[in-house]
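Coordinate inspection notes
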Amino acid sequence: MSGSRERVLARVRAALADVPRAEEPEDVAVPRGYARAHTPVELVELLVDRLEDYKALTRRVSEADLPEEIAAALARRSVGRVVVPTDLPGEWTSRVDAAVLTDEALDIAALDAADGVLTGCAVVAAETGTIVLDAGPAQGRRALTLVPDYHLCVVRVDQIVPDVPDAVSRLDPSRPLTWISGPSATSDIELDRVEGVHGPRTLEVLIVE
Amino acid sequence: MSGTFLGMPPFPQAAGIATGDAQLRHNLRKATHTIRGRRASVVGELDDWAELRAAGKAIKDRTLRHLDVYLERLEETVTAAGGHVHWAADAAEANAIVTRLVKATGETEVVKVKSMATQEIELNEALAEAGITAYETDLAELIVQLGEDRPSHILVPAIHRNRAEIREIFDRTMSDWGVPAPEDLSDDPRALAEAARVHLREKFLTTRVAVSGANFAVADTGTLVVLESEGNGRMCLTLPETLISVVGIEKLVPTWQDLEVFMQLLPRSSTGERMNPYTSTWTGVTPGDGPREFHLVLLDNGRTDVLADEVGRQSLRCIRCSACLNICPVYERAGGHAYGSVYPGPIGAILTPQLRGTSSELDASLPYASSLCGACYEVCPVAIDIPEVLVHLRGKVTQGKGHAAERAAMGAAGWVLGDEKRLGLAQRAAGRARNLVPRRLPGPGAAWTDTRDIPDIPAESFRDWWAGHEKEKKKGGGR
Ligand code: SF4
């Protein structure tokens, strides 16, 4: 409806008749005196505090122990079938007992039949406990971390930034992004928070130091 | 199908019905006070809240004052990323576009993410007429849809329902729509959420078309942003083959960086969380990941009328956080339905009459649905001076001479009403000190206060009390 396009734009321009013609968007000053970080404590400590507040499970692990820790986490949840993106580092699943389903275009039913998913991430904001996936290395497409009921996510210390501003500047908006802050939740019934509605009901984070 | 707001009685009568409903008042009070407390706690954590708020306001002002530039830029960037952009001057056009797009897919069912814009244009009803069933997937929206009800809150549309009522609705209606509720469904929120999960899962995994709104649209990059909690948004935005997003033209922000401000302001003001559980952003289409087709419908539907009003324009800064509802003594007593639109509370009182005009009794009465205490302005993350707009709109209603209550009031209160500015000063002053608060609101507001007590005003002026309250919260630290 190109007629509507012209009509809406004409209405917008008419509505803005009071804005001086010479004014450029940048002439409207945006004061950016806000902080880039808030809580001055060690980032991993802050992140753990925030994640636990959201009822996510967290463990701080060493690089060497990672494969063992991954296997143990999956075993604790009795995960029989775990979905992984195609480019997940091979050693991550080297100790795993569960059947590993690599995402060679798995259909939705296959994802639905899996017990969990294992991924890395792109960026993490400590202050808000937010893990961002950008479909980059070790993450796969968005559906992988959505359909299975358990998400085990590996975070490396160099992926952690203090707060939202640094996370935003590290991210590439042309990629599809999913920001995750704890397991899915609802407060729609009398404002009582219930963890776990449609997304994974359990989020577990392994922080590799 | 959920009911519509057409033919609603004007605010005073509707509010009268609601204030007489003890259950409703109890539900509302409990809910609004709970969210209010959460908000105060997480806002108090940030010592730069004032700076974030100033930045949020300025970014939106920049966008609105140059909206034509940003709209054209967004069209360009979305198109370059593989999306299709459509323009809708009004609700009928938007509904026709969405209907046509759904029909082109050959599907007769769509899943929906909670969206104020699609409620505003009554898209579900339009789709139903075309033989297309829209499934609301947000838990609260599902409760509203199954209960053939209307939303009463921006963030928690079923805030007026308690757990027993929700259990009854699920038990009675889920089987008509798909997977039935379990036989032994209890009213434990966990059990109710689980019933919704099972009921909707089938829809998510099989439906091929989704309809959403968006919280933000980034002009520079063509990126759309949806904040949510449950994961129903991710389901709708990721699994279907076709995604149609209906977005008001005021939802734009200029740059990706601007999100660093709004992603702090919105979750803390809205659900009172440091961050909402899930935020999805997407730019056009990504091969092999998510929908193969993406349509963006840019909606005017009265927004350019709001834009044209130099005082009212600030209403378009609204990011729909609902903080103003939760703090409002009038909303708490009247309930969301009394406002007769999808936009209840203080923001509804200024937005609805501007979007729809004031030719109906209801819409003309909305600018009076306030005691002008100013609490809404204090909590607004983009600093919309709601009292200023209310007073401005009262002036317009008076000039329009279209409002019967207004005409009647002219005789008695003509000297005040004759001068818009004087009216504003008088009413603002009334909110500042208890001994000056009349038991009747001045002017046509009296029609409203006549039917009930006006909200209690604390001994301190509300602003002073609020300022102290926020400080206290801050001192008290986190939650
Ligand atoms: S007017 Fe302000 S406080 Fe109210 S919903 Fe909009 S942004 Fe939030």
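- An unreviewed UniProt entry lists chain B under the name L-lactate dehydrogenase complex protein LldF, with Actinorugispora endophytica given as the organism.

- As recorded in an unreviewed UniProt entry, chain A goes by the name L-lactate dehydrogenase complex protein LldG, listed as coming from Actinorugispora endophytica.

A word on the overall build of chain A
- Within chain A one finds five helices and twelve strands.
- For a compact globule of 209 residues, the expected C-alpha radius of gyration is about 17 Å, and chain A comes in at 21 Å, more than 25% above that figure.
- A buried classification covers 58% of the 209 residues belonging to chain A.
- In chain A, of all internal contacts separated by at least 6 residues, the share reaching a separation of at least 24 is 72%.
- Working note: accessible area of chain A is about 8200 Å², and carbon and sulfur atoms make up 49% of it.
- Computing the positive centroid from 22 side-chain charges and the negative centroid from 36, chain A places the two 6 Å apart.

Digging into the pairing of strand β9 (residues 177-180) of chain A
- Neither face of β9(A) is exposed, since A:L177 and A:W179 on one face and A:T178 and A:I180 on the opposite face are all buried.
- Relative to β9(A), strand β6 (residues 130-133) of chain A runs antiparallel, the two being bridged by three bridges. When the sheet's bridge partners are listed, A:V132 is paired in β9(A) with A:W179.
- As judged from the four bridges shared by β9(A) and strand β9 (residues 278-283) of chain B, these two strands associate in the antiparallel manner. Within β9(B), the position partnered with A:W179 by the bridge is B:T279.

Let's talk about the packing of helix α3 (residues 49-65) of chain B against helix α12 (residues 259-270) of chain B
All names here are of chain B.
- Relative orientation of the contacting elements α3 and α12 amounts to 110 degrees, with a least axis distance of 9 Å. One element, α3, and the other, α12, form an angle in the roughly perpendicular class. The chirality of how α3 crosses α12 is left-handed. Only V261, F262, Q264, L265, R268 and S269 of α12 make contact with α3, whose side of the interface consists of W49, L52, R53, A55, G56, I59 and K60.

Some points on the pattern of salt bridges
Residues and elements named next belong to chain B.
- All told, the structure shown has 54 salt bridges over all chains when counted by the stated rule.
- The partner of K396 in a salt bridge is D309, with the nearest N and O atoms 2.9 Å apart. With K396 in helix α19 (residues 386-400) and D309 in the loop between α13 (303-308) and α14 (323-327), the pair connects residues that are 87 residues apart, well separated along the chain.
- On the basis of relative accessible area, D309 is assigned to the buried category, the value being 10%.

Topic: the site of the ligand
- Taken together, B:C318, B:I319, B:R320, B:C321, B:S322, B:C324, B:I347, B:C380, B:P381, B:V382, B:I384 and B:I386 make up the full set of residues near the ligand.
- Residues that form the shell around the ligand fall into these classes: ten nonpolar, one polar and one charged.

Considerations on the interface of chain A and chain B
- Every contact between the two is made by 77 residues of chain A and, on the other side, 98 residues of chain B.
- Across the chain A/chain B interface, buried area totals approximately 7700 Å², and carbon plus sulfur atoms make up 56% of it.
- In this structure, the connection of chain A to chain B is made through 19 salt bridges.
- For the salt bridge of B:E93 with A:R7, the shortest nitrogen-to-oxygen distance reads 3.4 Å.
- Inspection of the region where chain A meets chain B yields 46 residue pairs in polar contact (both at pLDDT 80 or more).
- Every element with two or more residues in the side of chain A that touches chain B is listed here: α1 (2-15), α2 (43-53), α4 (108-113), α5 (164-170), β9, β10 (185-186) and β11 (194-195) of chain A.
- With nine residues, the single largest contributor to the side of chain A that touches chain B is α1(A).

Focus on the side chain of B:E230
- Secondary-structure assignment places B:E230 in the loop between β6 (223-228) and α11 (232-238).
- Of the side chains with opposite charge, B:K114 lies nearest to the buried B:E230, which makes no salt bridge, at 9.2 Å.
- Discounting chain neighbours no more than four positions away, the residues touching B:E230 are A:S184, A:A185, A:T186, A:D188, A:V197, A:H198, A:G199, B:T137, B:D138, B:L139 and B:Y278.

A few points about unusual backbone geometry
All names here are of chain A.
- Of note in this structure, A135 is not a glycine but carries a positive phi near 65 degrees.
- Within the fold, A135 resides in the loop between β6 and β7 (150-156).
- At E190, a position not held by glycine, the phi torsion is positive, near 50 degrees.
- Structurally, E190 can be placed in the loop between β10 and β11.

Structural notes on the sheet that holds strand β4 (residues 116-119) of chain A
Residue and element names in this part refer to chain A.
- In spatial order, the strands read β1-β12-β7-β4-β2-β3; together these six strands make up an open sheet with parallel pairing. Two strands lie at the open edges of the sheet, namely β1 (57-61) and β3 (99-102), each paired on one side alone. Averaged over neighbouring strand pairs, the angle between their axes works out to 25 degrees when direction is ignored.
- Where β1 lies against strand β12 (residues 202-208), five bridges are found, and the strand directions are parallel. Bridge pairing links V61 to V208 in β12.

Digging into the UniProt feature "domain: LUD" (unreviewed entry) in chain A
- Following the UniProt record, the feature "domain: LUD" (unreviewed entry) maps to residues 45-208 of chain A here.
- Secondary structure across residues 45-208 of chain A comprises 20% helix and 29% strand; the distance between its end C-alpha atoms is 13 Å.

Some details on the UniProt feature "domain: LUD" (unreviewed entry) in chain B
- Listed under "domain: LUD" (unreviewed entry) in the UniProt record, and renumbered for this structure, are residues 71-297 of chain B.
- End C-alpha atoms of residues 71-297 of chain B are separated by 12 Å, and the span's content is 43% helix alongside 20% strand.

Overview of helix α4 (residues 67-80) of chain B
- With 14 residues, α4(B) extends 20 Å between its outermost C-alpha atoms, agreeing within 8% with the 20 Å of an ideal straight helix rising 1.5 Å per residue.
- All buried positions along α4(B) are accounted for by B:L67, B:D68, B:Y70, B:L71, B:L74, B:E75, B:T77 and B:V78.

Description of α2(A)
- Within the span of α2(A), buried status applies to A:V44, A:L46, A:L47, A:V48, A:R50 and A:L51.
- Trailing α2(A) by a residue or two, A:K55 shows a phi angle of about 70 degrees, which is positive.

What about the pairing of β12(A)?
All names here are of chain A.
- Most of β12 is tucked away, with seven of its seven residues classed as buried.
- Both faces of β12 are covered, namely the face carrying T202, E204, L206 and V208 and the face carrying L203, V205 and I207.
- Bridge count for β7 against β12 is seven bridges, and the pairing is parallel. Residue pairing across strands places Y150 opposite T202, the latter belonging to β12.

Remarks on the nonpolar core
All names here are of chain B.
- In terms of nonpolar packing, the biggest core is built from 152 residues, with F11, L71, F170, F216 and L296 touching the most fellow members.
- Here this core gathers at least three residues from each of two domains, domain 1 (1-45 + 322-402) and domain 2 (47-137 + 208-303).
- Apart from residues lying up to four places away in sequence, L296 is in contact with L74, V78, H84, V85, H86, L224, S245 and V247.

How each quantity is defined
- Residues numbered from 1 in each chain as written.
- Chains lettered and ligands numbered in written order.
- Predicted model: local features only at pLDDT ≥ 70, side-chain atom pairs only at ≥ 80, totals over all residues.
- Heavy atoms only, no water.
- Helix = DSSP H or I, 4+ residues; strand = E, 2+ residues; numbered from the N terminus.
- Rg over C-alpha atoms; globule rule 2.2 N^0.38 Å.
- Buried < 20%, exposed > 50% of the residue type's maximum accessible area, 1.4 Å probe, protein only.
- Contact = heavy atoms within 4.5 Å.
- Areas by Shrake-Rupley, 256 points an atom, 1.4 Å probe, with all protein chains shown as cover.
- Lys, Arg positive; Asp, Glu negative; His and termini not counted.
- Charge placed at Lys NZ, Arg CZ, Asp CG, Glu CD.
- Pairing = 2+ DSSP bridges.
- Axes fitted to C-alpha atoms, helices over the stretch in contact; angles between N-to-C directions.
- Parallel < 35°, antiparallel > 145°, perpendicular 65-115°, else oblique.
- Left-handed = near helix turned anticlockwise from the far one by under 90°.
- Salt bridge = Lys/Arg side-chain N within 4 Å of Asp/Glu carboxyl O.
- Near = heavy atom within 4 Å.
- Nonpolar A, V, L, I, M, F, W, Y, C, P; charged D, E, K, R; others polar.
- Buried area = accessible area lost by both parts, 1.4 Å probe.
- Polar contact = N/O pair within 3.5 Å; in protein donor to acceptor, adjacent residues only side chain to side chain.
- UniProt positions renumbered as here; feature names shortened; annotations may be inferred.
- Expected span 1.5 Å × (residues − 1).
- Core = buried A, V, L, I, M, F, W, Y, C linked by side-chain atoms within 4.5 Å.
- Domains from an automatic or database assignment.

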